[in-house]
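One letter stands for each residue in the lines below.
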Amino acid sequence: MTKQRVGARRSTVALKALMAVSGLLMVGYLLLHMYGNLKVFSGQVKFDEYSHHLRTLGEPILPYEGALWIIRVVLLAAIIAHVYSAVVLTIRDRKATRVGSGPRYKSKQNKRGFQRTYASFTLRWGGVIIFLFIIFHLLNLTTNDIAPGGASPSPYVRVMNTFSEWYMVLAYTLALLAVGFHLRHGVWAAGMTLGANTSVKARRNLNVLAYAVAGIITLGFLVPPFAIFFGWVG
Ligand code: HEM
C-alpha cells in the first residue's frame, strides 16, 4: 500500500468522526430546543420569558445575547463541519465507485449503475432539505420576515400565528419527517463510527437508540404545531 493511500484512509476516518461529533452536538441542541418549544403549553408569559431568558443568560458576566451568540457560533461551526465532511466524503465515495476504479456494488436501481443505499439517499437529500428548512425557519420564527398569520415581537404569538395556517403545519411536518429519517440513519451511523460496532447486541442497542432519538425529536417537535392548529393551546 502506498503512503498516499494510508493518508487518505486516515483522513476519511477523521472526517467521519468529525461528521459524527458535529451531528451529535446538533442532536443535543435539538433535544433542548424541542423541550423549550413544549413551553408553549405553559402560556404566553412563560414562553416569552423563556425566550427572554435565553438572551439574558450569563449576564452581567456576558453581554446581552452573549450566551445565545456562543450557542449560535458553536452551532454554525457544527453545521459547517458537518456539511464539509458530507461533501468531501460524498466526492470520495463517487470517485471510488466510478467506472474504471473497480465498479463495486453494481446495481440497476440507480441510473449511474451503482448501488445507492436507502440510508445514503436519505442522509444526503434529507440533509439538503433540512439545511433549506433551517434558513426558512430562521426567516419565519427568529427574524419574522416570513410571517403567515401576522408578525409579532412576541415569540409566543409568532408561533401561534404560524401554526394557525395549515400550509405552515404541513411545511413543518414535511421538514420534521426529513429530520426524523436523517436522525434515524445519522445517529446509527455516528454510533458505528464512534465505536458501537463491537457486537450484534451493541448494534441492536444502537439501532433502538437511533429509532428512539429520531422518534422523540420528530414527535416532540410536531406536538406544538398540531396542538396549536387544533386549538388545544391558549
Ligand atoms: C415545530 C418545530 C419548531 C418550532 C415551533 C420552533 C420554534 C422556534 C422559535 C420560536 C425560535 C425563535 C426563538 C427566539 O427567537 O427566542 C426558533 C429558533 C431556532 N430554531 Fe426552531 N423550532 C422548530 C423546529 C426546529 C428544527 C427542526 C430546527 C433544526 C433543524 C430548529 C432550529 C432552530 C434554530 C437554529 C433557531 C435559531 C436560534 C437562535 O439563534 O436564535 N428549529 N425555533
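Look up: the structure comes first, before these words.
Residues numbered from 1 in each chain as written. Predicted model: local features only at pLDDT ≥ 70, side-chain atom pairs only at ≥ 80, totals over all residues. Heavy atoms only, no water.

Looking now at the coordination of the iron atom of the ligand. Here the iron atom of the ligand is held by His33 (NE2) and His137 (NE2), and the distances to it run 1.9 to 2.0 Å. Between the six donor atoms coordinating the iron atom of the ligand, the angles at the centre fall across 88 to 179°, so the site counts as octahedral. With His33 in helix 1 (residues 3-37) and His137 in helix 4 (residues 118-142), this pair connects stretches of sequence that are 104 residues apart. Look at His137 and you get buried, because its relative accessible area is 18%. (Donors = N, O, S within 2.8 Å, 3.2 Å for Na, K, Ca; no water. Tetrahedral: all angles 85-135°; square planar, octahedral: opposite > 155°, others 65-115°. Helix = DSSP H or I, 4+ residues; strand = E, 2+ residues; numbered from the N terminus. Buried < 20%, exposed > 50% of the residue type's maximum accessible area, 1.4 Å probe, protein only.)

Attention now moves to the site of the ligand. As a matter of local geometry, the ligand sits amid 19 residues, with His33, Ser51, Arg55, Arg72 and His137 nearest to it. A distance of 2.5 Å is found between an oxygen atom of the ligand and a side-chain nitrogen or oxygen belonging to Arg72. Side-chain polar atom of His137 to a nitrogen atom of the ligand: 2.7 Å apart, as the coordinates give it. Elements with a contribution of two residues or more to the shell around the ligand: helix 1, helix 2 (44-56), helix 4, helix 6 (166-196) and helix 7 (200-229). Per-element accounting of the shell around the ligand gives the leading share, six residues, to helix 4. Residues of the shell around the ligand, tallied by class, amount to twelve nonpolar, five polar and two charged. (Near = heavy atom within 4 Å. Polar contact = N/O pair within 3.5 Å; in protein donor to acceptor, adjacent residues only side chain to side chain. Nonpolar A, V, L, I, M, F, W, Y, C, P; charged D, E, K, R; others polar.)

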